[in-house]
Amino acid sequence: AMIAPIISFLLVFDTRVNDINLVVSTFYTSCTVGYGLAFILEVFATTFLRLGVFAVWEPDVFKLTPKVPTLVLPWVLRENQYRPKRITLFAADFATSCVFAPIVEEYVKLKILQLSVQLPKNFRWTRKKKSSKKNGKKRKKVWIA
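Keep in mind that what you see is a predicted model, and the values were worked out from it rather than measured.

Moving on, we come to the layout of surface pockets. Of the volumes computed, that of the largest pocket is approximately 1,000 Å³. Phe-9, Val-23, Thr-26, Phe-27 and Ser-30 are the residues nearest the centre of the largest pocket, which is lined by 25 residues in total. Listing elements by their share of the lining of the largest pocket, those giving two or more residues are helix H1 (3-12), helix H2 (20-57) and helix H3 (86-116). Broken down by element, the lining of the largest pocket gets its largest block of residues, 11 residues, from H2. A per-class count over the lining of the largest pocket returns 17 nonpolar, 4 polar and 4 charged.

Pasting the structure below:
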């Protein structure tokens with residue numbers, strides 16, 4: 001599982017341009033803080049998305065709330081002999097696995113990268129005036145990349 005990323009890394013890594021210490025620091029931060037943060041955010045997101053799906057398609061599940069806390073409810077349905085419909089489980093799993101989990105993972109990757117290294121700015125938007133005048137008229141200021 002690690003062979004393809006290592007080969008890709010070695011193909012694009014250039015020691016003249018990049019600092020190996022910065023690369024190792026970024027890797028360490030992403031493996032420690034990044035994975036932990038992504039895991040915690042995904043657990044909370046999954047809990048709230050499942051509660052939302054149950055509120056829409058199976059409001060009867062909330063009758064268990066005096067006995068079971070609401071935040072634990074999506075995780076202990078079978079222990080309480082409650083069997084949700086298949087479509088409800090599919091919708092909850094689809095929303096968490098295919099929609100929200102990739103968004104959380106990519107956001108955490110971006111934030112870890114931004115915290116670890118200073119990214120180059122490829123585009124700096126500036127306002128510049130065109131210096132030439134035609135027929136005594138000034139030109140408008142335009143945004144130039």
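Attention now moves to the nonpolar core. Counting residues in hydrophobic clusters, the biggest one holds 8 residues: Leu-51, Phe-54, Val-61, Leu-64, Val-68, Leu-73, Leu-77 and Tyr-82. The contact partners of Phe-54, leaving out residues within four places of it in the chain, are Pro-59, Val-61, Phe-62, Pro-74, Leu-77, Pro-84 and Thr-88.

It is worth spelling out the side chain of Thr-47 at this point. Within the secondary structure layout, Thr-47 lies in helix H2. Given a relative accessible area of 6%, Thr-47 falls into the buried group. When neighbours within four sequence positions are excluded, Thr-47 is seen to be in contact with Leu-71, Pro-74 and Trp-75.

Attention now goes to the environment of Leu-77. Tracing the chain through its elements places Leu-77 in the loop between H2 and H3. Judged by relative accessible area, Leu-77 falls into the buried class, the value being 5%. Along the chain, Leu-77 and Val-61 lie 16 residues apart, while their C-alpha atoms are 8.2 Å from each other. With residues near it in sequence (within four places) discarded, Leu-77 still touches Phe-54, Val-61, Leu-64, Tyr-82 and Pro-84.

Per the counting criterion, the structure on display carries 4 salt bridges. In this structure, Asp-60 engages Lys-63 in a salt bridge whose closest nitrogen and oxygen atoms are separated by 3.8 Å. Asp-60 gets classed as partly exposed once you look at its relative accessible area, which sits at 45%. The exposure class assigned to Lys-63 is exposed, which follows from its relative accessible area of 64%. In this structure, Lys-109 and Glu-106 form a salt bridge, with 3.0 Å as the shortest nitrogen-oxygen distance. With a gap of 3 residues between them, Lys-109 and Glu-106 both fall in helix H3, about one helical turn apart. Residue classification places Glu-106 among the partly exposed residues on the basis of a relative accessible area of 45%.

Conventions we followed
- Residues numbered from 1 in each chain as written.
- Predicted model: local features only at pLDDT ≥ 70, side-chain atom pairs only at ≥ 80, totals over all residues.
- Heavy atoms only, no water.
- 1 Å grid on protein atoms, 1.4 Å probe; cavity = no way out; pocket = protein on both sides within 12 Å on 5 of 7 lines; lining within 4 Å.
- Points joined across faces, edges and corners; volume = space filled by probe spheres on them.
- Helix = DSSP H or I, 4+ residues; strand = E, 2+ residues; numbered from the N terminus.
- Nonpolar A, V, L, I, M, F, W, Y, C, P; charged D, E, K, R; others polar.
- Core = buried A, V, L, I, M, F, W, Y, C linked by side-chain atoms within 4.5 Å.
- Buried < 20%, exposed > 50% of the residue type's maximum accessible area, 1.4 Å probe, protein only.
- Contact = heavy atoms within 4.5 Å.
- Salt bridge = Lys/Arg side-chain N within 4 Å of Asp/Glu carboxyl O.

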